[in-house]
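What follows is each chain in one-letter form.
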Amino acid sequence: MAEPVRFFERRPRMGTQNAPDTSSGNGGTVGTVHPLALAAMEQTGPQVLQKAGRGSQRFLQGGLSAPITVTWEITAACNIACVHCLSSSGHRRPRELTTQQSLALVDELAEMQVFQIHFGGGEPFMYYGIWDVLEHARERELVMCISTNGTLITQERARRLAQLEPIYFQVSLDGGTPQTNDRIRGEGVFKRAMRGLELLAAENLSLTVNSVLTRYSFDELDRLYDIAASFNSKLRVTRLRPSGRGQDVWDDLHPTREQYRQFADWLQTHPDVLTADSFFHLNAFGNKLAGLDICGAATATCCICPEGEVYPCAFFQAPEFEAGNLHEHSFQEIWRNSILFDYYRSMGGGACSGCGQYNTCHGGCPATKWFVHQRLNIKDPECVLSPFAQI
């Protein structure tokens, strides 16, 4: 019988970067901590424990014995080249997991009682073993979500996917018009993605239109909302992160402070719009938004990259923060015994610790801090309260 998921205790931070970790009961440790990552995490100070009150943080501090959701970027191959791609996808990478390795990973995730696999990329439908992996995940009764650009969906593929239900799809549109979307995702992509949505909707598959909020797509939120409704789907808006190619376009694309304020108000009038854990930093405006109010990186979720690298989350694909590699260790070993994850789970609030809004925004996004300033003990670069924020 599979071991039930349990809460890890909140452990004091290790005294040295190679100190033993006995939290999983086997005494083994995985990996080391890059000096830059170690210094950055230690500079955040002691963990700010939240033992009572509202919010998700008090349940996740210390992490779970298995993630709730694993984001699995199964290939770096992609047929388009979005300017803000967080993983700089395009070409298949040399050490991508084989189909057999991927099938074994599905088994391991199922045995650990992981609830959901969120397949991404790259473009998942460019992975040569995608159908074998999806069918096996269904056999193991794992919930599946696929993030796709929608351009490779055909009628035949849509019908085949319908046989794998329950399965969920996020189709990306980064604008409500071809002009806005295609400046981000490439010429002609809007039309092809809309066709993909039509084909998936025709099979009554569960759909979400996923859109990264930028200063250019902000004025098209209502149009995106209507597009999603036309396919009997929901709109999911996510935050732009300065990782991957997103670093190159961050200054041009990230929303302004006033747009964020208006967006927070817009969400209050559109409670069915999904945001996951993208915008909890906007809670500092004073009105708590729906969705998670804390970053779940390394505690409730993590990211597996094409060549087996494991990171705290999909947005934090920095070499300094690699927790381990599946070519060298099992996923369970990495999740439970990674020294990097142990440090990450015990980070403090840094410059945000004394802020009156810390219990609502929890200091914002660590990945954004790192990729903008190479530091973690600072305020989120898009902190809505800071007069010095780059926003």
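These remarks concern the structure in this document.

About the criteria used
- Residues numbered from 1 in each chain as written.
- Predicted model: local features only at pLDDT ≥ 70, side-chain atom pairs only at ≥ 80, totals over all residues.
- Heavy atoms only, no water.
- Disulfide = S-S within 2.5 Å.
- Buried < 20%, exposed > 50% of the residue type's maximum accessible area, 1.4 Å probe, protein only.
- Helix = DSSP H or I, 4+ residues; strand = E, 2+ residues; numbered from the N terminus.
- Contact = heavy atoms within 4.5 Å.
- Polar contact = N/O pair within 3.5 Å; in protein donor to acceptor, adjacent residues only side chain to side chain.

Enumeration over the complete set of coordinates arrives at zero disulfides. With no disulfide of its own, Cys78 has Cys82 as its nearest cysteine by sulfur position, at a separation of 6.3 Å. On the basis of relative accessibility, which here comes to 17%, the residue Cys78 falls in the buried class. Here Cys361 is not cross-linked by a disulfide; its sulfur's nearest cysteine counterpart is in Cys355, at 6.0 Å.

In this section: the environment of Ser147. Topologically, Ser147 is positioned in strand S3 (residues 143-148). Judged by relative accessible area, Ser147 falls into the partly exposed class, the value being 21%. Separated by 25 residues in the primary sequence, Ser147 and Gly122 have C-alpha atoms spaced 9.4 Å apart. Excluding residues that lie within four positions of it along the chain, Ser147 makes contacts with His118, Phe119, Gly120, Pro124 and Gln170. A polar contact is formed between the side chain of Ser147 and the side chain of Gln170, at a distance of 3.2 Å.

Here Arg336 is to be found in helix H11 (residues 331-337). By relative accessible area, Arg336 is classed as buried at 6%.

Bear in mind that shape data such as this cannot, by itself, settle questions of function.
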